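Descriptive analysis of the structure
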Protein chains: 4
Amino acid sequence: MSADDPKMADEPKEISGETKLRVRYAETDKMGVVYHSNFVIWFEVGRVELLRQLGFEYKTMEQQDNCHIPVVDLRVRYKSPALYDDEIVVRTRLGNARHSLLHFLYEVARASDGTLLATGETTHIIVDDKFQRCSLPEKYMKAFGGKRRIANS
Amino acid sequence: MSADDPKMADEPKEISGETKLRVRYAETDKMGVVYHSNFVIWFEVGRVELLRQLGFEYKTMEQQDNCHIPVVDLRVRYKSPALYDDEIVVRTRLGNARHSLLHFLYEVARASDGTLLATGETTHIIVDDKFQRCSLPEKYMKAFGGKRRIANS
Amino acid sequence: MSADDPKMADEPKEISGETKLRVRYAETDKMGVVYHSNFVIWFEVGRVELLRQLGFEYKTMEQQDNCHIPVVDLRVRYKSPALYDDEIVVRTRLGNARHSLLHFLYEVARASDGTLLATGETTHIIVDDKFQRCSLPEKYMKAFGGKRRIANS
Amino acid sequence: MSADDPKMADEPKEISGETKLRVRYAETDKMGVVYHSNFVIWFEVGRVELLRQLGFEYKTMEQQDNCHIPVVDLRVRYKSPALYDDEIVVRTRLGNARHSLLHFLYEVARASDGTLLATGETTHIIVDDKFQRCSLPEKYMKAFGGKRRIANS
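Residues numbered from 1 in each chain as written. Chains lettered and ligands numbered in written order. Predicted model: local features only at pLDDT ≥ 70, side-chain atom pairs only at ≥ 80, totals over all residues. Heavy atoms only, no water.

Topic: the relation of the copies chain C and chain B
- Expressed as a screw transformation, the operator carrying chain C onto chain B has a rotation angle of 180° and an axial translation of 0.0 Å, and the superposed copies differ by an RMSD of 0.0 Å. On this basis, the relationship between the two copies can be described by a two-fold rotation axis. Considering only C-alpha atoms, the part of chain C nearest the rotation axis is Arg75(C), at 2.3 Å.
- Residue by residue, 100% of the interface of chain C is reproduced at the interface of chain B, so both copies engage with the same surface. (Least-squares fit on C-alpha atoms with pLDDT ≥ 70 in both. Contact = heavy atoms within 4.5 Å.)

Let's talk about the pairing of strand β5 (residues 116–125) of chain C
All names here are of chain C.
- Among the 10 residues that make up β5, 8 are buried, leaving the element largely enclosed by the rest of the structure.
- In this sheet, β5 lies alongside strand β4 (residues 101–110) in antiparallel orientation, the contact comprising 9 bridges. When the bridges of β5 are listed, Leu-101 appears paired with Ile-125.
- Hairpin connection of β4 to β5: 5 residues between the antiparallel strands, including Gly-114 at a positive phi of 75°. (Buried < 20%, exposed > 50% of the residue type's maximum accessible area, 1.4 Å probe, protein only. Helix = DSSP H or I, 4+ residues; strand = E, 2+ residues; numbered from the N terminus. Pairing = 2+ DSSP bridges.)

Quick look at the pattern of salt bridges
- Taken as a whole, this structure holds 56 salt bridges over all chains when the rule is applied.
- Here Arg24(B) ties to Glu27(D) by a salt bridge, and the two come within 3.0 Å at their closest N and O atoms. Within this pair, whereas Arg24(B) is found in the loop between β1 (16–22) and α1 (38–53), its partner Glu27(D) is found in the loop between β1 (16–22) and α1 (38–53), the two belonging to separate chains.
- Classification of Glu27(D) as buried rests on a relative accessible area of 5%.
- The shortest N-O distance in the salt bridge between Lys139(D) and Asp65(D) comes to 3.3 Å. Here Asp65(D) lies in the loop between α2 (58–63) and β2 (71–78) and Lys139(D) lies in helix α3 (residues 138–143), a separation of 74 residues in the sequence.
- Through salt bridges that share partners, Arg22(A), Asp85(A), Glu49(C), Arg52(C), Glu57(C) and Lys59(C) make up one connected network. (Salt bridge = Lys/Arg side-chain N within 4 Å of Asp/Glu carboxyl O.)

Here's the deal with the sheet that holds strand β3 (residues 87–98) of chain B
- Strand order across the open sheet formed by 10 strands is β1(B)-β3(B)-β4(B)-β5(B)-β2(B)-β2(C)-β5(C)-β4(C)-β3(C)-β1(C), with antiparallel pairing between neighbours. Either end of the sheet is taken by a strand with one partner, and the two such strands are β1 of chain B together with β1 (16–22) of chain C. Between one strand axis and the next, the sheet turns by 15° as a mean value, whatever way the strands run.
- Packing of α1(B) onto the sheet brings it into contact with β1, β2 (71–78), β3, β4 (101–110) and β5 (116–125) of chain B together with β2 (71–78) of chain C, and relative to β1(B) it is tilted by some 130°. (Axes fitted to C-alpha atoms, helices over the stretch in contact; angles between N-to-C directions.)

Brief notes about the relation of the copies chain A and chain C
- The transform that puts chain A on chain C rotates by 180° and translates by 0.0 Å along the axis, for an RMSD of 0.0 Å.
- Most of the interface of chain A is mirrored in chain C, where 100% of its interface residues again form contacts.

Some details on the interface of chain A and chain C
- Facing the 19 residues of chain A at the interface are 19 residues of chain C.
- Taken together, both faces of the contact between chain A and chain C bury some 1,700 Å²; the carbon and sulfur share is 43%.
- Remark: the boundary between chain A and chain C carries 6 salt bridges.
- A salt bridge links Asp85(C) to Arg52(A), with the shortest nitrogen-to-oxygen separation between them at 2.8 Å.
- Where the side of chain A that touches chain C is concerned, the elements lending two or more residues are β1 (16–22), α1 (38–53) and α2 (58–63) of chain A.
- At 7 residues, the largest contribution of residues to the side of chain A that touches chain C is made by α1(A).
- Residue composition of the side of chain A that touches chain C, by class: 9 nonpolar, no polar and 10 charged. (Buried area = accessible area lost by both parts, 1.4 Å probe. Nonpolar A, V, L, I, M, F, W, Y, C, P; charged D, E, K, R; others polar.)

With respect to the interface of chain C and chain B
- Contacts between the two partners involve 24 residues from chain C, matched on the other side by 24 residues from chain B.
- The largest contributions to the chain C side of the interface with chain B come from Met31(C), Leu74(C) and Phe131(C), which together make up 25% of the buried area.
- One can count 4 salt bridges joining chain C with chain B.
- Between Lys30(C) and Glu62(B) there is a salt bridge, with the nearest N and O atoms lying 2.6 Å from each other.
- Inspection of the region where chain C meets chain B yields 10 residue pairs in polar contact (both at pLDDT 80 or more).
- Elements that contribute at least two residues to the side of chain C that touches chain B include exactly α1 (38–53) and β2 of chain C.
- Residue contributions to the side of chain C that touches chain B peak at 8 residues, all from β2(C).
- Among the residues forming the side of chain C that touches chain B, the class breakdown is 13 nonpolar, 3 polar and 8 charged. (Polar contact = N/O pair within 3.5 Å; in protein donor to acceptor, adjacent residues only side chain to side chain.)

Here we look at the packing of aromatic side chains
- Enumeration over the complete set of coordinates arrives at 36 aromatic pairs over all chains.
- Ring geometry for Tyr140(B) and Phe144(B): centres 6.3 Å apart, planes at 40°, overall tilted. Side by side, Tyr140(B) and Phe144(B) carry an identical accessibility label, which is buried.
- Plain terms: the ring middles of Phe43(C) and Tyr106(C) are 4.2 Å apart, the flat faces sit at 5° to each other, and that makes the pair stacked. You can see Phe43(C) sitting in helix α1 and its partner Tyr106(C) sitting in strand β4, a full 63 residues away along the chain.
- One aromatic cluster is present, built from ring pairs that chain together Tyr25(A), Tyr84(A) and Tyr58(C). (Phe/Tyr/Trp six-rings, centres within 6.5 Å; stacked < 30°, edge-to-face > 60°.)

A few points about unusual backbone geometry
- The backbone of Asn66(A) shows a phi angle near 50°, a positive value even though the residue is not glycine.
- Note that Asn66(A) resides in the loop between α2 and β2 (71–78).
- In this model, Asp85(C) sits at a positive phi of 75°, which is unusual for a non-glycine residue.
- Turning to its location among the elements, Asp85(C) is positioned in the loop between β2 and β3 (87–98).

Focus on the pairing of strand β4 (residues 101–110) of chain A
Residues and elements named next belong to chain A.
- Among the 10 residues in β4, 9 count as buried, and that is most of the element.
- Bridge count for strand β3 (residues 87–98) against β4 is 9 bridges, and the pairing is antiparallel. Bridging across to β4, Arg-93 finds its partner in Leu-105.
- With antiparallel pairing between neighbouring strands as the criterion, β3 and β4 make up a hairpin whose turn holds 2 residues.

Structural notes on the confidence of the model for chain A
Residue and element names in this part refer to chain A.
- Confidence in the prediction of chain A, expressed as mean pLDDT, is 90, and 87% of residues score 70 or more.
- The model gives residues 1–10 a pLDDT under 50, and that stretch makes 7 contacts with residues more than four places away or in other chains.
- This stretch, residues 148–153, has a pLDDT under 50; its non-local contacts, to residues over four places away or in other chains, come to 21 contacts.
- This prediction of the complex comes with two scores: 0.91 for pTM and 0.89 for ipTM. (pLDDT = per-residue confidence, 0-100.)

Structural data, given as C-alpha cells:
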C-alpha cells in the first residue's frame, strides 16, 4: 500500500490490511454506479477486517471490553465510480492510535484492474456503552503500536 | 382506505392510517427504480406512523414497556416500480391483534396518480429486550381492539 | 447442499448453491440484531452467486442480453435473529424456471452453528430495460433446466 | 436559516433551506443510535429539497438537462448521536457554484431541542449520463448566483 514510502529503520511498522467484497445490486443507484454512502460502509468492513487480522474481533471489543469506537470525523474523496458486481479491494491502514482516539485511512480499488475508486479516512473516539469517553484497553494499544503516530496520511 | 366496505353495525372499526414519504436517490438501483428491499423499510415507516396516529410511539413501547415487535413473517407483492423522487403513500392497516402477535397489511402507492406499487403484510411477535416472548400490554390491546380479528386481508 | 436427498433417476437435478457473507455493523439495528430488510439483500447475493456458479453473471444478463429479473413476489419467514459479525450462509435453490418467470428459494443460516435464521422465496419476471415483459434467452433456460418444475418448495 | 446575519448590500444572498425527516428503525445500529453513513443520505435529502425550494427538481436536471452531480468529496463531523424516531432538521446551504462544480454545506440537528448532531460538506462535479464532465446549464447557474463564492464555510 505504501511500499514506495522510504522508511527509517527505527520507524514503527505500518499496520494495514486488505479485504475484498463484491458490489451488490442494492448498493447501486439510478446513475448505474454505487451510491456514494456505501463506501462509508465499506470503510467499516475494511476497519473490522484489519482488527481481525490483528487478532481482535470488534464484537468482542464491544461485548467483553465495553469499548466502542464511534466515528467522529469522516472524509471521502471519490475518484472513479464503482460498478455493479465489481470485486472491490478495501485497504485499511491504522493512522494514529491513542488511548482516546483512533484514526484509519482507506483506499478502495477495483480488484480486476486496480483502478483507485476512492480514498478516505475516519477518526474515532473511544466510548463505553453509555457513550462516555473511556480509554482503549492496553492490549489494543499494544497491538496498535499506540501513542505514537504510526502512519502519515 | 376501505370506506366502501359494507360493514355490519357491530363489526370492529378498521384501524388504519396513511403516511407519505419521498423516494431518495439512495433507494434507487441501476434499473432506475427503487430497489425492492426498500419497500420493507417503508412498511416499517407506515407501521410506526399508524401507531403514532393511535397515540403511541414505538420508541416508548420499547423503552418504557420493554415491548418489541420483531417481524417473523413478511410478504410483498410488487405491482409497479417506484421511481426516484416519487411521493409515496403508505397505507397501513392493523390486521390481527393478539397478546402474542400483531399482523399489519400495507398498500404502497404513488401519490401523484394513485398507482398501486406494492401490497404486503407483516406478522410480528411480542418480545422483551432479551427476545423472550411476552404479552402486548393491555393499553395497546385496548387501542388495537385486540383479541378479535379486525380486518380481513 | 442436498446431496443426500434420495432422488428418482428421472427427476430433474436440483439447481442450488451456497455463498457466505459477514454481517456488517451497518446491517444491525437498535434491537442489537440484523434489521429484517437486509435478509432480502442477502437473498439477492445468494441468487447472483447461484447464477455465477451456473456459469452466468447477472451483470452480463443485463448488459448483453437486455434481460432483467425484477422481483414481483417476496416472502420471508424469520426464525432466529442474525447477529453482528456472524458469518452467514445463504443457500439458494432454483424453484421454477419458465421463459417468463423465475422462482428462487432461500435458506439463511449462521455458519458457526448451523442455526437456521430465515427461509424465503422470490418470484421474478423477465423484462427488458424498458420493463417490457420478454423471454429468458435459451442459454439460460437450458442451464436452468427450464419449463419443468425443478424443485418443490 | 440565517435571517439574522447582517449582510452588506452588495453581498450575494445566501442560498439555503431546510427540510425535516424522521429517523427510521432501519437507520439505527446495535449501538442504539443512527449508523453514521445515514447522515450522508440525509445530506442528499437536504440538497434535493434545497433545489426544490429554488424551483428545481433534481430528477428533471437529470432527465431533461442530462445534468448529474456526483459527489467527489465528502466530509462529515459527527457531534452527537441521532436517536430512533428523532425528528431531524437538515439545513443545507449552497457554498460555491461554478459551471463545473457545486459545493454544499450541511447542518443536521435534532428538531425537538436543537442539538447539533453533525455538520458536513459535499463537493460535486457536473457530468452527463456518460460521466463526461459538462457545464451546469445557465438557468441553474443564474438561480445559484453562480461563479461567485456565495457562502463561506
